[in-house]
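So you can see what is in the structure, the chains are spelled out below.
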Amino acid sequence: MSATPVLALRGVSKRFGAVQALTDVDLEVNAGEVVALVGDNGAGKSTLVKAIAGVGPADEGELLWKGGAVQVQRPHDAQDLGIATVYQDLALCDNLDVVGNLFLGREIRRAGVLDEVEMERRSRELLNQLSIRIPSVRIPVASLSGGQRQTVAIARSMLGEPGLVILDEPTAALGVEQTAQVLDLVERLRERGLAVILISHNMADVKAVANRVAVLRLGRNNGVFDVATTSQEEIISAITGATENAVTRRTARIAEDQK
């Protein structure tokens, strides 16, 4: 792995009115690594992802991209750096074919006219590189299975040649076979040297593809675990609060002393 993380967060905090959603969160992701971001509902996972993606910038803290401090105030800032986010709703257009969805907003034009031939060629090339199998690049997305739709959404994020891909619950509501398709693709992203953040509630998926697991609890870090040497029970204990790391305990003690 790279000595310098592709992405590093330092002391990230975010407040919504009276609600403190994130408090002093740290996170690191290296090239060629899948880091699973896990936590119970309300743990702050979505808020953290939005801070990285520029949808909801952090109030405090620092974001380092390949070792340098950067400002991510809007989605275009993240995209320009090389951060691609695939949200759970996928944002695919059912009435368009695979080519149309892959190049939506990035259409290739020649003399002011859509270059359908070039876009189709690049679509086939991209799907082949990622070993994504679908009946045709000209089939409407509405005709694809849930797993195929998810792989198309992930493939679309690759057009900008990102350094980091964030996947928000990519296997939610998928069957066993479709889940396997998506997890295979996650592994191929890692093999291509990309940094991947995987948000998931499914511990089996996490154990299958993640290198490390970062746990959030009540908007704070509650441990980072090596998947190869950590049991599923230990991770679940950190998620539920049965075990809390030193940072969380110390903060709780300080808050109690101030009452």
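Note that the structure is a prediction, hence the values are computed from the model and not measured.

What counts and what doesn't
- Residues numbered from 1 in each chain as written.
- Predicted model: local features only at pLDDT ≥ 70, side-chain atom pairs only at ≥ 80, totals over all residues.
- Heavy atoms only, no water.
- Helix = DSSP H or I, 4+ residues; strand = E, 2+ residues; numbered from the N terminus.
- Buried < 20%, exposed > 50% of the residue type's maximum accessible area, 1.4 Å probe, protein only.
- Contact = heavy atoms within 4.5 Å.
- Pairing = 2+ DSSP bridges.
- Axes fitted to C-alpha atoms, helices over the stretch in contact; angles between N-to-C directions.

Q: Hey, could you run me through the environment of Glu107 in this one?
A: Summarising the element assignment, Glu107 is placed in the loop between helix H3 (98–102) and strand S7 (109–110). Assessed through its relative accessible area of 33%, Glu107 is described here as partly exposed. Separated by 100 residues in the primary sequence, Glu107 and Leu7 have C-alpha atoms spaced 29 Å apart. Excluding residues within four positions of it along the chain, Glu107 makes contact with Leu114 and Met119.

Q: How should unusual backbone geometry be read in this particular structure?
A: Trans peptide bonds make up the majority, and among non-glycine residues the majority have a negative phi. Its identity as a non-glycine residue notwithstanding, Ala111 has a phi of 55 degrees, on the positive side. In this structure, Ala111 sits in the loop between S7 and strand S8 (113–114). Notably, Leu218 is not glycine yet its phi reads approximately 55 degrees, a positive angle. Position of Leu218 among the secondary structure elements: in the loop between strand S11 (212–217) and strand S12 (220–226). Relative accessible area serves as the criterion here: at 62%, Leu218 is assigned to the exposed category.

Q: Where do I start with the sheet that holds strand S1 (residues 7–16) in this structure?
A: Sheet architecture is open: 4 strands sit in the order S2-S1-S4-S5, paired in antiparallel fashion. Every interior strand has two partners, whereas the edge strands, strand S2 (19–29) and strand S5 (68–70), have only one. Going across the sheet, the axis of each strand differs from the next one's by a mean of 30 degrees, ignoring polarity. In the sheet, S1 pairs with S2 via 7 bridges, with the strands oriented antiparallel. Residue pairing in the sheet places Ala8 in a bridge with Glu28 of S2.

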